[in-house]
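If you want the building blocks of each chain, they are given just below.
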Amino acid sequence: MDMKAVSAIQRFTDARSVSAIESYTQARPATEPSPEETTVAEAATKVAVDFAQTLAESEEVAKTSMIGDADPHALVQALAQTELAVEAAVTVRNKVVEAYQEILRMPV
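Keep in mind it's a predicted model, so treat the numbers as computed, not measured. (Residues numbered from 1 in each chain as written. Predicted model: local features only at pLDDT ≥ 70, side-chain atom pairs only at ≥ 80, totals over all residues. Heavy atoms only, no water.)

(A) Up close: the confidence of the model for the chain. On average, the chain scores 79 in pLDDT, and the residues at 70 or more come to 65%. Within the chain, no element has a lower average pLDDT than helix H1 (residues 3–31), which sits at 61, and none a higher one than helix H3 (residues 72–105), at 91. (pLDDT = per-residue confidence, 0-100. Helix = DSSP H or I, 4+ residues; strand = E, 2+ residues; numbered from the N terminus.)

Okay, here's the thing in structure tokens:
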């Protein structure tokens, strides 16, 4: 094999490994937990507050559209956000109930 070809292959593999290391370094912070959510209770509280806030904002948009002051597109968007939030809450509730039922079926 030609020495130029060998050195080109080595540079290519070195560049690929450096690229992979850089990609891993950039992706790693996304997998680390955020320091502000240290407990499950705090995370659940934050989710509950966000859910209530979404419902309250949608209710305000619905009220303003009833008196004719709101944009119809804003109403549709608010209703879609509310529907998504309620569906997510129902899905989480169903999973919790399902897990509880599985625990009850466990032999003691």
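Let's pick the thread back up.
(B) Region of interest: the packing of helix H2 (residues 40–66) against H3. Packing of H2 against H3 leaves a shortest axis separation of 9 Å and a crossing angle of 150°. It follows from the interaxial angle that H2 and H3 lie roughly antiparallel. At the point where H2 passes H3, the crossing takes the left-handed sense. Taken together, the residues of H3 that come into contact with H2 (itself represented by Phe51, Thr54, Leu55, Ser58, Val61, Ala62 and Ser65) are Ala74, Leu75, Ala78, Gln81, Thr82, Ala85, Val86 and Ala89. (Axes fitted to C-alpha atoms, helices over the stretch in contact; angles between N-to-C directions. Parallel < 35°, antiparallel > 145°, perpendicular 65-115°, else oblique. Left-handed = near helix turned anticlockwise from the far one by under 90°. Contact = heavy atoms within 4.5 Å.)

(C) Examining H3 more closely. Counted at 1.5 Å a residue, the expected span for H3 with its 34 residues is 50 Å, and the 49 Å between its end C-alpha atoms agrees. Burial in H3 covers these residues: Ala78, Thr82 and Ala85. As for H3, its buried residues are in contact with H2. (Expected span 1.5 Å × (residues − 1). Buried < 20%, exposed > 50% of the residue type's maximum accessible area, 1.4 Å probe, protein only.)

(D) Summary view of H2. For H2, built from 27 residues, the straight-helix expectation of 39 Å at 1.5 Å per residue is met to within 8% by its first-to-last C-alpha distance of 39 Å. Within two residues after H2, Gly68 carries a phi angle of roughly 90°, on the positive side.

(E) Spotlight on the pattern of salt bridges. All chains considered together, the criterion is met by two salt bridges. A salt bridge links Glu102 to Arg105; the nearest nitrogen and oxygen atoms lie 2.5 Å apart. Of this pair, Glu102 and Arg105 both sit in helix H3, three residues apart, which is roughly one turn of that helix. By relative accessible area, which is 45% here, Glu102 ends up partly exposed. For Arg105, a relative accessible area of 57% puts it in the exposed group. (Salt bridge = Lys/Arg side-chain N within 4 Å of Asp/Glu carboxyl O.)

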